Structures are given as structure tokens and as C-alpha cells.
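Secondary and tertiary structure notes
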Amino acid sequence: MRYVSTRGQAPVLDFEQAMLSGLARDGGLYLPETVPAISGLDEMDGLPYAEVAYRVIRPFTGDSFTEDELRGAIDRAYGRIEHAAKAPLRQLAPGHHLLELFHGPTLAFKDFAMQLIAQLFEIALKRSGQRITIVGATSGDTGSAAIEAFKGIDNVDVFIMFPHGRVSEVQRRQMTTPDASNVHALAVTGHFDDCQARLKDLFNDHQFRDQVGLAGVNSINWARVVAQIVYYFTAAASLGMRPTDFTVPTGNFGDIFAGSIARAMGAPIRRLIVATNQNDILHRALTTGEYRIGEVAPSISPSMDIQVSSNFERALYWAYGGDAAAIAQLMDEMKTGGFTISQGALQALREQYVSGRVSEEETIQMIRTIRAETGEVLCPHSAVGAAVARQHIQPGVPMVTLATAHPAKFPDAVEKAVGLRPPLPPHMADLFDLPERVSRVENDVDALKSLILERRTN
Ligand SMILES: *Cc1c(COP(=O)(O)O)cnc(C)c1O
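What this report covers is the structure whose coordinates are included nearby. (Residues numbered from 1 in each chain as written. Predicted model: local features only at pLDDT ≥ 70, side-chain atom pairs only at ≥ 80, totals over all residues. Heavy atoms only, no water.)

Side note on unusual backbone geometry
The backbone phi angle of lysine 86 is positive, close to 65°, even though this residue is not glycine. Classification of lysine 86 as buried rests on a relative accessible area of 16%. Positive phi outside glycine occurs at asparagine 155, with the angle close to 70°. Counting through the fold element by element, asparagine 155 comes out in the loop between helix H5 (141-150) and strand S6 (156-163). (Buried < 20%, exposed > 50% of the residue type's maximum accessible area, 1.4 Å probe, protein only. Helix = DSSP H or I, 4+ residues; strand = E, 2+ residues; numbered from the N terminus.)

In C-alpha cells form, the structure reads like this:
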């Protein structure tokens, strides 16, 4: 399997190289040249999650991993998800199902991809003898998933920057309590945007980049997208492989894009519905054809508070028929605040995606409604999904809403809605008792560089 950049100017890579490099050298994102079809759909129901994962992921990895390596990585990764089904499907109402993706070690769907790529990184680095330094910026969920997944992994140091005082206590503790010496939580004086800007500075310093073997695991890493394809198949299998609609709480467009890959492989997905909060650039783009960056308005579903939805570039590439020059041009126009999607491409996008947005008030109301109707307590991101899903349910077509985080991860929003703070699940009940380990760092690239050079174990 060969991977090409959406901007057409970077070398063609295999799976392992695309995984280790993250972003393409021309600033683009890697995509497979062709999407493999999958067979044996009717046999999937009742298979263990790990077996479906192997069948779905195998065609993408080509010669990068042997069967034993890939199976081993999958088993270790999903062994850490505390539910026998891994991604259980729970019925909310007639025709409406919740796909629970929050039974992993950090209680958000990001564990599904991060746990797996940590295992794959370890195998690849062991083989090559290479050592790398992963640096990431997080508004919460990505950083905790990365630290949890990479702690104790050989040949890798992980540094995660988060905005000091601006993540939830659960999120912070998930980053600061793992005690492995190769993971480092950095509290940066500033906002999430500052963290992201410093991350860019580091990647743009080519000397530093080569010196420490800088690598990225943010949501544009193709290997993360691949891992997220799997649960569309297990959900569809549980519903008898009937044509099914999926609603996905969306920020950087990684999770929903995995859904379109699943569909291209042959999963019986009818509509893919993009659910956004008040930061609705994607909903506006799909409705008006104008992709225009605004100011981020902080919401109670912070993991979806984005201005630029990075994986959307992949959907655009397909919508423009693989015209990399056109994509490079659009991304250039981003520097001046946005662009207009061509009529043909907009049409193509609308064949792939439907969209909806809900306000803060509607999100809170949905947490209340679902609690009243079912006793179930949703996290605010999943509530955005459920609210948009309810606007789109059609008789006779099952609707699956992706539940992207556990409500205990966002206790303030949940308390505001239904007056209770959901307890942490038993496997992390001690989170508030463990000692924290964190380095404060100024919003300054040189301070950051010296800290990384001093702390890394490699
Ligand atoms: C990251 C995240 C999202 C958004 O997912 P994307 O793949 O970026 O669209 C939604 N909900 C939660 C809880 C998240 O952590």
C-alpha cells in the first residue's frame, strides 16, 4: 500500500514511514493511493473486536508489519480497554444507538487509535534502532491518550504541552500522574493556541527536529485514522449490516473521516452526519461552500472547539478528485482566512456528508433529555452528537451516535445539566490520590527546547 500527500509534493511512502512522519514534508496529509475493499462482511458479527480490527487494518499496513506483529500490537492495545465488547453499542431509543468509545484508559475515543499506534511505533523503532521524541499540544484528550499509550514504550520520549490552568482536573491528572520516566507533561503559560504555535516552531526548526528525532501523533497521523475505521464495522455488524446512519461529534474531522473510509471499503453506511458545537466552521462549509476561519468560542464540549479542522483536507482532496495542486492552492488561501469550495467539490462533499450544529443550551438540554428518557448520562460531546442525530433520524434506518468521551471526564458540564458529578469508573478511581508530576514552562520556544533536551531519556 502506497501513501501520497494531499498536496502532491512529498515523497510517496509506505505505511510505516507515513506513520512515523505524521505530516507530509509539503505540509499535506497522507492518504492511501486506493482504498482496499473488504470481504467477509457477513461473518463479522460475533467476532472479537481484535479480530475485526486485524481484518480491517491489515490491508492498510502492507509489508510494514508481519501478521504476528500486527496481531500482537492489536491485542496489547485493546487489552487495555475495560469492556469485553471494547466498543459496545447501546440502545437509546427505538432506532437510535450509542456507540460507546470511552472504555479505554483515558475515557475518550482517542485511546482506540493512540493505544494501537504506540504499539506499532515500538515495533518499528525496535527494528530500526531509531529513537524519537514525540511532542504534542493538547486541549485535553489527545495529550492524556498519548501519555497513557506511550508510557514505558522503548525508544520514545513524549512531551505534551497543555495550557496551564485551562484543562479539566481529570484531564490534567491523566497527564500528570503516569510515572514512567519517558513521558513528560508540560504546563505552558498561555492558551491552547500558544501551545500549538510553539509546536509549529519546534517542527520548523530543522536542526532541532533532526537532533531529537521529532515526531507527531496528532490526529492527522494516518495510522490514527486507520484505527478509527474499525468500530464503524463492529457497529454495523451488531445491527446486521443494514444500511445505517452515523452521527459523529466532530472537531478535527479525524473520526468522521474514518467513517468515510469504512464506507469506501464496503461498510453499509448510508449517511455520515457531522455534528458541531457553536464552533461550526464545518457545518457552515457544508451548508454554504465557504470555509472561513472565525474566532474559537470556548464551549462545554472543548475537544470540538476548533478553528481549522485539519483532517478536512483529506475530504477535500477526494472531493477535488485527487487534484493535489488545487488542494495546495486552497491551503495557501487559508493564510488569508479561508476559501470558497468549488461547486463540483461541494456537491461531492454533500454526497459524503450531512451536517448539523447545536448551541450550548441545546447541548445541556440534550444531556437532561437523555437522562430523563433513559437514565443514561452523556458527556457534552456525545450530547452534541445525540442532538444532531435526533434531527436526522429517519424511520427504518438505524442511527448510531458516537459517544466520544465518558461523562466523568467533563463533570462540570454534566453537573450544570443534571446536577450530579458522574463517578470515575473503577479502573481509575484512584486518579485523585496519585501524586502529580508536571513541569511549568514559559510560552517560549527556547525554554521549551532546553527543557526537552534536558529531560529526554534517549
Ligand atoms: C477529539 C474529540 C472529538 C473530535 O474528534 P475529531 O476526530 O477531532 O473530529 C470529539 N469528542 C471528544 C471527546 C474528543 O476527545
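Alright, that's what it looks like, and here's the rest.
Side note on the pairing of strand S9 (residues 244-249)
The buried fraction of S9 amounts to 6 of the 6 residues, a majority that puts the element mostly inside the structure. Burial along S9 is two-sided: the face carrying Thr244, Phe246 and Val248 and the face carrying Asp245, Thr247 and Pro249 are both buried. Of the strand pairs in this sheet, S9 and strand S10 (residues 269-276) are connected by 5 bridges, and their pairing is parallel. In the strand pairing of S10, phenylalanine 246 is matched with leucine 272. The parallel pair S9 and S10 is bridged by helix H10 (residues 254-265), and the resulting crossover is right-handed. Sheet topology places S9 next to strand S14 (residues 399-403); 3 bridges connect them, and they run parallel. Counted as the bridge partner of phenylalanine 246 is valine 400 from S14. (Pairing = 2+ DSSP bridges. Right-handed = clockwise from strand over helix to strand, strands pointing away.)

With respect to the nonpolar core
Counting 117 residues, the largest nonpolar core has Phe150 and Phe233 as the members making the most contacts within it. The leading source of residues in this core is helix H9 (residues 222-238), at 13 residues. Setting aside its immediate chain neighbours within four residues, phenylalanine 150 contacts Met114, Ile117, Ala118, Phe121, Ile134, Val156, Val158, Asn182, Val183 and Val217. (Core = buried A, V, L, I, M, F, W, Y, C linked by side-chain atoms within 4.5 Å. Contact = heavy atoms within 4.5 Å.)

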